[in-house]
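# Fold and geometry: a report
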Amino acid sequence: FIRLNLTEEPDGVTFFILQGLSSLGDRQMILFVILLLGYIITQGGNSMIIFLTDPKLHSPMYFFLANLSFVDMVYTTTTIPKMLVGFLSDVSTISVPGCFLQMFFFIQLGITSRGILTAMAYDRYLAICHPLHYTSIMTQHIQLLLIAGAWAFGTFCTLPANLITWHQPYCGPNVVKHGWGDPSSVRRLACADTSVDNTVSLSLALVALLTTGVLILTSYVLIGISVSRMSVAQRLKAFGTCVSHLTVVSISYTAASFARYMNSSGTLSIFFQVRIIVAVLYAALTPFLNPVIYSLRNKELQESIRRTLVRFRSATVSVTKDISTVS
């Protein structure tokens, strides 16, 4: 293991070892089962939202929700399967290009999801504050532009820091003290000064969090002002259309802030395992909760899921009968 840890090539390391939670020993299997079940439920719940074909759900809000579900599915897939494989092997390795690709998509998709949450906040603002102009403003073209903008914003806030870190020399050791290609953990392995990398990464992270956070907060301040002028019944209806989105936003930003704080404390060994567990929960919790929250708080979505399951069950029964008849 020591020889594998210090393996070097003339031009630097060719792979990284993902240490993860190997120090937990046999207790890793408990986390493996929990993480596997959570991943399956996350993929299933978000897939159901994406593939709902109910015409009643062809509104801008559900278009944004379907895109958010797609991002959440890919987001968890960038890290969780690799971690699950690592739990079952003595040493989990990843190539240098694979590590940086994983790093890029993990951060890019995380920021993209916040961009989509920002678009959803704008959608709620238009629906509540400008209901008469809602359909003329929130056209399909605008919806596509907002989604494209979320992806572009995620790339803009991710690519520069990722490229700078990638071009650093890595000559060993090659053990990443994390469950995946975490940027701060990888930068600690560089054989050069990483102050520029750290500054660029922190600056872009703040831009991503503050820009989306301020826009979402502004939308809800304006919504609050508009709702304060409504009757009690109208207030309750307006609140009902926003509560799911507000819940998801609150969980997402609270988890991101806490994970960022724990990551900054990662140099202390006492925080090492806790830091990784928090990062894993952050990576898995929000994508897991999104379909649950929207399904529990939205009767239209519940009815659509129920109708879709009934149609699927009927189609399955019909196919089974046809097979039996042919036989």
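Above: the structure in question.
Report on the accompanying structure. (Residues numbered from 1 in each chain as written. Predicted model: local features only at pLDDT ≥ 70, side-chain atom pairs only at ≥ 80, totals over all residues. Heavy atoms only, no water.)

## Structural notes on the packing of aromatic side chains
Both the distance between ring centres and the angle between the ring planes are used here to describe each pair of aromatic rings. To keep it simple, the criterion reads: Each aromatic pair joins two rings of Phe, Tyr and Trp (for Trp, the six-membered one) with centres within 6.5 Å, and gets the label stacked for planes under 30 degrees apart, edge-to-face for over 60, and tilted for any other angle. The secondary structure listing takes helices from DSSP runs of H or I that are at least 4 residues long and strands from runs of E that are at least 2 residues long, numbered from the N terminus. Relative accessible area decides the class of each residue, using a 1.4 Å probe on protein chains only: under 20% of the type maximum gives buried, over 50% gives exposed, and in between gives partly exposed. For a lysine, the NZ atom is tested; for an arginine, the CZ atom; a charge sits over a ring if that atom is within 6 Å of the ring centre and within 35 degrees of the ring normal.
If you walk through the whole model with that rule in mind, you get nine aromatic pairs. Seen in terms of ring centroids, Phe 32 and Phe 87 are 6.4 Å apart; in terms of plane orientation they differ by 85°. Their pairing is edge-to-face. A residue pair is termed long-range when its members are at least 10 positions apart, and Phe 32 in helix H2 (residues 28–50) and Phe 87 in helix H4 (residues 80–87) qualify at 55 residues. Residue Phe 32 is classed as buried on the basis of its relative accessible area, which comes to 13%. Among the aromatic residues, ring-to-ring pairing joins Phe 16, Phe 100, Trp 166 and Tyr 170 into one connected group. Sitting over the ring of Tyr 253, Arg 114 keeps its end group 5.5 Å from the ring centre.

## Thoughts on the side chain of Ser 252
Rules: Contacts: residue pairs with any heavy atoms within 4.5 Å of one another.
Within the secondary structure, Ser 252 is located in helix H11 (residues 232–264). Ser 252 gets classed as buried once you look at its relative accessible area, which sits at 4%. In contact with Ser 252, other than residues within four places in its own chain, are Arg 114, Leu 117, Tyr 282 and Thr 286.

## Quick look at the state of the cysteines
As a reminder of what qualifies: Disulfides are defined as pairs of cysteine sulfur atoms found within 2.5 Å of each other.
In this structure the tally under the stated criterion is one disulfide. The disulfide that involves Cys 171 links it to Cys 191, with 2.0 Å between the sulfurs. Negative torsions about the S-S bond denote left-handed disulfides, and the value of about -120° found for Cys 171 with Cys 191 makes this one left-handed. Taken together, the positions of Cys 171 in the loop between helix H8 (159–166) and strand S3 (175–176) and Cys 191 in the loop between helix H9 (183–187) and helix H10 (195–227) put the pair 20 residues apart, joining distant regions of the chain.

## Concerning the packing of helix H5 (residues 96–129) against H8
Heads up, the rule is: The convention used is that axes are lines fitted to C-alpha atoms, helices contributing only their stretch in contact, and that angles between N-to-C directions extend from 0 to 180 degrees. Throughout this description, any angle smaller than 35 degrees is read as roughly parallel, any larger than 145 degrees as roughly antiparallel, any in the 65 to 115 degree range as roughly perpendicular, and the remainder as oblique. Helix crossings fall into two classes, left-handed where the near helix is turned counterclockwise from the far one by less than a right angle and right-handed where it is turned clockwise. Three categories are distinguished: nonpolar for Ala, Val, Leu, Ile, Met, Phe, Trp, Tyr, Cys and Pro, charged for Asp, Glu, Lys and Arg, and polar for the others, with Gly belonging to the last.
Direction vectors running N to C along H5 and H8 enclose 160°, while the axes themselves pass 10 Å from each other. One element, H5, and the other, H8, form an angle in the roughly antiparallel class. The hand of the H5/H8 crossing is right-handed. Side by side, H5 and H8 meet where Val 96, Pro 97, Phe 100, Met 103 and Phe 104 of the first sit next to Leu 159, Asn 162, Thr 165 and Trp 166 of the second. Residue classes in the contact of H5 with H8 are distributed as seven nonpolar, two polar and no charged.

## With respect to the nonpolar core
What counts, and what does not: Put simply, a nonpolar core is a bunch of buried Ala, Val, Leu, Ile, Met, Phe, Trp, Tyr and Cys residues held in one set by side-chain atoms that sit within 4.5 Å of each other.
Ranked by internal contacts, the top residues of the largest apolar core, which has 52 residues, are Ile 116, Met 120 and Ile 223. Put simply, the parts of the chain that give this core at least two residues each are H2, helix H3 (60–77), H4, H5, helix H7 (140–156), H10, H11 and helix H12 (272–297). Top element by residues in this core is H5. It accounts for 11 residues. In contact with Ile 223, other than residues within four places in its own chain, are Ala 121, Arg 124, Tyr 125, Ile 128, Cys 129 and Cys 242. Val 96, Phe 100, Met 103 and Tyr 170 belong to the second-largest nonpolar core, a separate cluster that totals 13 residues.

## Concerning empty space enclosed by the protein
The condition is simple: A 1.4 Å probe that fits but cannot get out identifies a cavity on a 1 Å grid over protein atoms alone, an open set with protein on both sides within 12 Å along at least five of seven lines counts as a pocket, and a residue lines either if it has an atom within 4 Å of a point. Grid points are joined across faces, edges and corners, and a volume is the space filled by probe spheres set on the points.
This structure, assessed with the given rule, holds one cavity of 30 Å³ or more. Put simply, the largest cavity is a space of about 120 Å³. In this structure, the largest cavity is lined by 15 residues; those nearest its centre are Asp 72, Tyr 75, Ser 113, Ser 252 and Thr 286. Of all the secondary-structure elements, those providing two or more residues to the lining of the largest cavity are H3, H5, H11 and H12. Ranked by the residues each element gives to the lining of the largest cavity, the list is headed by H5, at five residues. Of the residues belonging to the lining of the largest cavity, the class tally is eight nonpolar, five polar and two charged.

## Side note on the environment of Val 13
Residue placement: Val 13 occurs in the loop between helix H1 (2–5) and strand S1 (15–18). The exposure class assigned to Val 13 is buried, which follows from its relative accessible area of 10%. Val 13 sits 156 residues away from Pro 169 along the chain, and the two C-alpha atoms are 8.9 Å apart.

## Section: the sheet that holds S1
Just so we agree on the cut-off: Here, strands pair whenever DSSP counts at least two bridges between them.
Spatial ordering of the open sheet is given by S2-S1-S3, a layout of three strands whose pairing is mixed. Edge positions in the open sheet fall to strand S2 (92–95) and S3, since each of these has one partner strand only. Strand direction decides the pairing type here: S1 and S3, joined by two bridges, are parallel. Residue pairing in the sheet places Leu 18 in a bridge with Val 176 of S3. Packing of H5 onto the sheet brings it into contact with S1 and S2, and relative to S2 it is tilted by some 90°.

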